[in-house]
Amino acid sequence: MKTIKYLSLLLLGLAMAACQGDWDEPSYDGGTPYGDNSIVEHNVITLADLKAKYANKIESNGYMYEEITDDVQLKVVVTGNDLGGNFYKQVCVQDETGGIIIAINQGGLSGSLALGQELLINLKGLYYGAYGSQPQIGMLYNNSGRLQIGQINKYVWEKHYRLLQRKDPLQPVDFASIYSNVKNNCGQLATIKDLTLRQSSENLLFAPAYSDDIAAFYTWIGSNKNYVHHTVNINGTSTKVIIRTSTYARFAAMPLPKRCNLTGIFTRYKDSSGDNWQLLIRSSDDIEVLEQ
């Protein structure tokens, strides 16, 4: 009796396996499950074109903005996302003429917007503006009674882009080739070579890992618990670079090397001292230690 019972179970299992084997594998021939697959390429402009048209929105006031009403598109490649924890609800994109940040009110963006992913973006209905003089594509939000550029609602964003082909991630340019012009080159992926980063013998970190109790670090963080600024001068020049690291970054607790090559997205940071470069490292892979 037991033999018949076991034989019946075996036949049932084989039948189920056969049925499972007949299931079709997921196919994305009609498009991907992200974005809007119906978007058709037309009226593609460059990032240089976009920045030139709205330049006055950046230069006259660091927090001005304008709605993009022209039916135009961008064709860009993702150069930075939130995978390493140092970007929050942002992706960085680039074409042959430059780079820019797109602010999106959604976490886990690296799942659909991986490094090297090519995008076709419908700009009409989105906003162009600046956060601290760094050009940005987004939407408006009310900041204590003041409208300024902010994040695109995730449902709105899904209707504005189409995923194209996945390419090899873009290679960074040498920072030495762009540092003299922060206005036109901000938003690009670049590498500072042979940077003297740690100036003293203290084994400082990029940033402390986030905690509710980080008072011991206030001497070098200040009162903000979310990020750390390390300000350095590029070797042999007067160019200042602010290395901004989130306390949520996965590499935050890494010790600062004495000398290194640093790669990341170089953005524009404007304060009372004028224009400065700000580096956003994407992950620990962007930190090449030359001397610890």
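It should be emphasised that the depicted structure is a prediction, and the values quoted were computed from it without experimental measurement. Chains are numbered independently. Their residues run from 1 in the order of the written sequence. Per-residue local features are limited, in this predicted model, to residues with pLDDT of at least 70; the limit for side-chain atom pairs, both in listing and counting, is 80 or more; totals at the level of whole chains, interfaces and linings are taken over all residues. Heavy atoms from the whole structure form the basis of all side-chain values; hydrogens and water molecules are not counted.

### Observations concerning the overall build of the protein
Counting its secondary structure elements, the protein contains six helices and 18 strands. A burial count over the protein gives 43% of its 292 residues as buried. Should any heavy atoms of two residues lie within 4.5 Å, those residues are counted as being in contact. Across the protein, every contact between residues at least 6 apart in sequence was considered, and the portion connecting residues at least 24 apart equals 69%. Values of accessible area rely on a 1.4 Å probe in the Shrake-Rupley scheme; residue burial ignores everything except the protein chains shown. Taken as a whole, the protein presents about 15,300 Å² of accessible surface, with 51% of it coming from carbon and sulfur. Secondary structure is summarised from DSSP: a helix means a run of H or I of at least four residues, a strand means a run of E of at least two, and numbering begins at the N terminus for each. The rule is simple: take the accessible area with a 1.4 Å probe, protein chains only, and divide by the maximum for that residue type; under 20% is buried, over 50% is exposed, in between is partly exposed.

### Some thoughts on the pattern of salt bridges
The term salt bridge refers to a pairing of a side-chain nitrogen on Lys or Arg with a carboxyl oxygen on Asp or Glu at a separation within 4 Å. The full count for this structure, using the stated rule, is nine salt bridges. The residue K75 makes a salt bridge to E41 at a minimum N-O spacing of 3.1 Å. With K75 in strand 3 (residues 73–80) and E41 in the loop between helix 1 (2–21) and strand 1 (44–45), this pair connects stretches of sequence that are 34 residues apart. The partly exposed category is assigned to E41, whose relative accessible area is 45%.

### Structural notes on the environment of S200
Along the chain, S200 turns up in the loop between strand 13 (188–196) and helix 6 (218–221). Classification of S200 as partly exposed rests on a relative accessible area of 33%. Taking the C-alpha atoms as reference, S200 lies 8.3 Å from K258; in sequence the two are 58 residues apart.

### Observations regarding the environment of N143
Tracing the sequence through the fold places N143 in strand 8 (residues 134–143). Under the rule applied, a polar contact is a pair of N or O atoms within 3.5 Å (in protein, one hydrogen donor and one hydrogen acceptor; residues adjacent in sequence only if both atoms are side-chain atoms). Of note is the side chain of N143, whose polar atom sits 3.3 Å from the side chain of Q148.

### Here's the deal with the packing of aromatic side chains
For Phe, Tyr and Trp, where Trp contributes only its six-membered ring, two rings pair if their centres lie within 6.5 Å, and the inter-plane angle classes them as stacked under 30 degrees, edge-to-face over 60, or tilted in between. Taken as a whole and assessed by the stated rule, the structure comprises eight aromatic pairs. Through successive ring pairs, a cluster of aromatic residues spans F175, Y179, F266 and W277. Taking NZ or CZ as reference, R244 lies 3.7 Å from the ring centre of Y227, over its face. Charge-over-ring contacts are defined here by two conditions on Lys NZ or Arg CZ: a distance within 6 Å of the ring centre and an angle within 35 degrees of the ring normal.

### Regarding unusual backbone geometry
In this structure, N43 takes a positive phi of about 50° despite not being glycine. Locating N43 in the fold gives a position in the loop between helix 1 and strand 1. Positive phi, close to 50°, is recorded for D194, a residue that is not glycine. Summarising the element assignment, D194 is placed in strand 13.

### Description of the nonpolar core
For our purposes a nonpolar core is just a set of buried Ala, Val, Leu, Ile, Met, Phe, Trp, Tyr and Cys residues, chained together by side-chain atoms within 4.5 Å. Counting residues in each nonpolar core, the largest one holds 27 residues, and the members touching the most others are L50, I102, L113, L119 and I121. Only helix 2 (47–53), strand 3, strand 4 (90–95), strand 5 (98–105), strand 6 (117–122), strand 7 (127–131) and strand 11 (161–166) provide two or more residues apiece to this core. Not counting the four nearest positions on each side in its chain, L50 is found in contact with I45, I68, L74, I100, L123, Y128 and I137.

### Quick notes on the pairing of strand 7
Of all five residues that make up strand 7, four are buried, and the element is covered over most of its length. DSSP calls a pair of strands paired once it identifies at least 2 bridges connecting them. Pairing of strand 2 (residues 65–67) with strand 7 involves three bridges; the strand directions are antiparallel. Pairing of E66 across the sheet is with Y128, part of strand 7. Where strand 7 meets strand 8, five bridges bridge the pair, whose relative direction is antiparallel. Each residue of the ladder has a partner; that of Y127, found in strand 8, is G138. The turn linking strand 7 back onto strand 8 is made up of two residues, and G132 within it adopts a positive phi angle of 60°.

### Describing the confidence of the model for the protein
The quantity called pLDDT is the predictor's confidence in a given residue, expressed from 0 to 100. Within the protein, residue pLDDT values average 85, and 81% of them lie at 70 or more. Ignoring residues within four places in sequence, the model shows residues 20–27, a span with pLDDT below 50, making zero contacts including any to other chains. Within the model, the stretch residues 217–223 combines pLDDT values under 50 with 13 contacts to residues more than four positions away or in other chains.

### Brief notes about the environment of A176
For A176, the position within the fold is in the loop between strand 12 (173–174) and helix 5 (182–185). For A176 and I192, which are 16 residues apart along the polypeptide, the C-alpha to C-alpha distance reads 7.3 Å.

### Focus: the side chain of S110
Residue position: S110 is located in the loop between strand 5 and strand 6. For S110, a relative accessible area of 19% corresponds to the buried category. Setting aside residues no more than four positions away along its own chain, S110 makes contact with N81, D82 and L83.

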